[in-house]
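Chain by chain, the residues:
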Amino acid sequence: MHAPAFELSLHHNTYGQHRWEVLHNYPSIGLTFYYSGFRNDSISKELGRVFALYPYINFPIIPNEKSKLTFKLGVGLSYLTNKFHPSENYHNYAIGSHVNAAVNLSFEYRQRIVKRLHLVTSVGLTHFSNGATRTPNMGINIFSVATGFSWYLKPPKDL
């Protein structure tokens, strides 16, 4: 199944003002809004749409002057419009509640085009689940490959 999605993220680079920033190679921190309509008629009827908001931290793995490989970890909340219902939505064994946790794990590669514009590609996994607080709860795992652009509101001090 293909599930087109949209992400909008705001992030802030760290520059070593705190010891943990230096210890973790100056990660960026931010907030992501995620949306998917699942786009497959039979799937979207059962699962509906998902809206998520999660803070994240992006750990540099291989940084250099013009490019950067990072690992992104985000954990927050999501809202799925359709949940399991014994008579109206009995095929949805994945989600038993509207409010769920959202977890994102991904690798991102950033290539500088000009000082404030970067090409971003990523491979990742996004998971939605209520942690079995309501059943059924198999959860939803979305494997993703994405590409986009990152525009810095202020010129970055470094990559």
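Rules behind the numbers
Residues numbered from 1 in each chain as written. Predicted model: local features only at pLDDT ≥ 70, side-chain atom pairs only at ≥ 80, totals over all residues. Heavy atoms only, no water. Phe/Tyr/Trp six-rings, centres within 6.5 Å; stacked < 30°, edge-to-face > 60°. Helix = DSSP H or I, 4+ residues; strand = E, 2+ residues; numbered from the N terminus. Buried < 20%, exposed > 50% of the residue type's maximum accessible area, 1.4 Å probe, protein only. Lys NZ or Arg CZ within 6 Å of the ring centre and 35° of its normal. Patch = residues over 30% accessible without salt bridge, like charges linked within 9 Å, V, L, I, M, F, W, Y side chains within 5 Å. Areas by Shrake-Rupley, 256 points an atom, 1.4 Å probe, with all protein chains shown as cover. Salt bridge = Lys/Arg side-chain N within 4 Å of Asp/Glu carboxyl O.

Colleague: Could you give me a rundown of the packing of aromatic side chains, with the residues and numbers involved?
Modeller: Enumeration according to the criterion identifies 3 aromatic pairs in this entry. A centroid spacing of 5.7 Å and a plane angle of 45° characterise the contact between Tyr 34 and Phe 128, whose relative ring orientation is tilted. Separated by 94 residues along the polypeptide, Tyr 34 in strand β2 (residues 28–36) and Phe 128 in strand β6 (residues 117–129) bring together distant segments of the chain. Phe 128 carries the same exposure label as Tyr 34, and that label is buried. Plain terms: the ring middles of Phe 71 and Phe 107 are 5.3 Å apart, the flat faces sit at 55° to each other, and that makes the pair tilted. With Phe 71 in strand β4 (residues 67–80) and Phe 107 in strand β5 (residues 99–114), this residue pair connects regions lying 36 residues apart in the sequence. Sitting above the plane of the Tyr 56 ring, Lys 72 keeps its charged end 4.4 Å from the centroid.

Colleague: Describe a nonpolar patch on the surface, and please don't skip the residues or the numbers.
Modeller: A contiguous nonpolar surface patch, about 470 Å² in accessible area, is contributed by Phe 6, Leu 8, Leu 31, Phe 33 and Leu 53. The set of elements that each furnish at least two residues to the nonpolar patch consists of β1 (5–13) and β2. Take Leu 31: it is sitting in strand β2. Look at Leu 31 and you get partly exposed, because its relative accessible area is 41%.

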